[in-house]
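One-letter residues, chain by chain:
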Amino acid sequence: YDYVVTDSNVERNFVAELDTSTEVAVYAKLPRGFFIPTPVGNYNPDWAIAFTEGSVKHVYFVAETKGSLSTLQLKGVEDAKIECARKFFAELNKKFDGQVKYDVANSYSKLMELVTG
């Protein structure tokens, strides 16, 4: 697609950096229909991102973009859903040799820190 519908300025800035990044092979804003069932309600992560590593290998990353990374500023239910997603992807990684990562980032630089760190 030529355009990405974003939910906030944080996402808009995030997309601008994804678009110009040489490390990103492809990315997608996940649709509302993509969700992980949790005990506190369905959870919809924001992004799926594939990074180019070398010339053939890709590292896949599913991200939640938030303006603040402080758990004090996240709503209680939202924080619980994110923790459930962390556990979900940790289990998924056992089956896919650590290829699918999940975390929360408030900027492209934070995302790159998570992926390369």
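The following refers to the structure shown. Worth saying up front: this structure is predicted, and the values here are computed from it rather than measured.

1. Describing the overall build of the chain
Working step 1: The secondary structure content of the chain amounts to 3 helices and 4 strands.
Working step 2: Starting at the N terminus and ending at the C terminus, the chain contains elements arranged as α-β-β-β-α-β-α.
Working step 3: Summarising the internal contacts of the chain: among those between residues at least 6 apart in sequence, 51% fall at separations of at least 24.
Working step 4: Summing over all exposed atoms, the chain offers an accessible surface of approximately 7400 Å²; the carbon and sulfur share of this is 55%.

2. Some words on the pattern of salt bridges
Working step 1: Under the criterion given, the structure shown has 7 salt bridges.
Working step 2: A salt bridge links Asp103 to Arg86; the nearest nitrogen and oxygen atoms lie 2.9 Å apart. Taken as a pair, Asp103 in strand E4 (residues 100–105) and Arg86 in helix H2 (residues 76–95) lie far apart in primary sequence, 17 residues in all.
Working step 3: For Arg86, a relative accessible area of 30% translates into the label partly exposed.
Working step 4: Of the charged contacts in the structure, one is a salt bridge between Glu91 and Lys94, with a shortest N-O distance of 2.8 Å. Separated by 3 residues within a single helix, Glu91 and Lys94 lie in helix H2, roughly one turn from each other.
Working step 5: Given the relative accessible area of 45%, Glu91 is considered partly exposed.

Conventions adopted
Residues numbered from 1 in each chain as written. Predicted model: local features only at pLDDT ≥ 70, side-chain atom pairs only at ≥ 80, totals over all residues. Heavy atoms only, no water. Helix = DSSP H or I, 4+ residues; strand = E, 2+ residues; numbered from the N terminus. Contact = heavy atoms within 4.5 Å. Areas by Shrake-Rupley, 256 points an atom, 1.4 Å probe, with all protein chains shown as cover. Salt bridge = Lys/Arg side-chain N within 4 Å of Asp/Glu carboxyl O. Buried < 20%, exposed > 50% of the residue type's maximum accessible area, 1.4 Å probe, protein only.

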